[in-house]
Amino acid sequence: VQLQASGGGVVQAGGSLRLSCAASGGTFSGYTMAWFRQTPENEREFVASFRWSGGNTYYADSVKGRFTISRDIAKNTVYLQMNTLRPEDTAVYHCARGRAITSTVRNPGAYSSWGQGTLVTVSS
């Protein structure tokens, strides 16, 4: 499967963006989907995840209440709605697909397929 992330851009602090992750050559059915983000200074950081089949949704504490992960089954697409953006949210955002379980959803190693990333820049 190939994952294509899009929707990044430049936004002022307090603004919103919606990221999309579409799959080609495969589906999300039966997998856990996640968003991670990375800056040059930091390791890949967990943002949000959920099982495509339904169930619990997980968020990093830093984005809880501001970001929402969702899906469109018909379009085989995962979204990350980001509201009240802050300069510290600036990063390359990657979507990922894997067989993560509850104890590993925040671990990048639990995901085997990754999108190329989309850059989000939040200006102060």
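Look up a bit, the structure's there.
Figured I'd write up the structure that's included with this text.

About the thresholds
Residues numbered from 1 in each chain as written. Predicted model: local features only at pLDDT ≥ 70, side-chain atom pairs only at ≥ 80, totals over all residues. Heavy atoms only, no water. Core = buried A, V, L, I, M, F, W, Y, C linked by side-chain atoms within 4.5 Å. Buried < 20%, exposed > 50% of the residue type's maximum accessible area, 1.4 Å probe, protein only. Contact = heavy atoms within 4.5 Å. Helix = DSSP H or I, 4+ residues; strand = E, 2+ residues; numbered from the N terminus. Pairing = 2+ DSSP bridges. Disulfide = S-S within 2.5 Å. Axes fitted to C-alpha atoms, helices over the stretch in contact; angles between N-to-C directions.

### Points about the nonpolar core
- W35, V78, L80, M82 and Y93 are the most contacted members of the largest nonpolar core, which totals 37 residues.
- Ignoring sequence-local partners within four residues, the contact set of L80 consists of L17, R18, L19, W35, V47, A48, F67, T68, I69 and Y93.

### Concerning the environment of P108
- Structurally, P108 can be placed in the loop between strand 9 (91–98) and strand 10 (111–114).
- When the C-alpha positions of P108 and Y93 are compared, they lie 13 Å apart, and in sequence the two are 15 residues distant.
- Contacts of P108, omitting those with residues within four sequence positions, involve F36, R44 and W114.

### What about the pairing of strand 5 (residues 45–51)?
- Within strand 5, 5 of the 7 residues are buried, which leaves the element mostly enclosed by the surrounding structure.
- Where strand 4 (residues 32–38) lies against strand 5, 6 bridges are found, and the strand directions are antiparallel. Within strand 5, the residue paired with F36 across the bridge is F46.
- Hairpin geometry of strand 4 and strand 5 is characterised by an intervening segment of 6 residues between the two adjacent antiparallel strands.

### Quick look at the state of the cysteines
- For the structure on display, the rule yields 1 disulfide.
- The disulfide partner of C21 is C95, and the gap between their sulfur atoms is 2.1 Å. The sign of the S-S torsion, about 65 degrees, decides the handedness of the disulfide formed by C21 and C95: right-handed. Note that C21 is positioned in strand 3 (residues 17–24) and C95 in strand 9, a separation of 74 residues in sequence. In terms of burial, C21 and C95 fall into one category: buried.

### Overview of the sheet that holds strand 8 (residues 77–82)
- Overall, antiparallel pairing links the 4 strands, which are arranged 1-3-8-7 in an open sheet. Both outer strands of the open sheet, strand 1 (2–6) and strand 7 (67–72), are each paired with one neighbouring strand and no more. For this sheet, the mean inter-axis angle between neighbouring strands, taken without regard to orientation, is 20 degrees.
- Pairing between strand 7 and strand 8: 6 bridges, direction antiparallel. From the neighbouring strand, F67 faces strand 8, where its bridge partner is M82.

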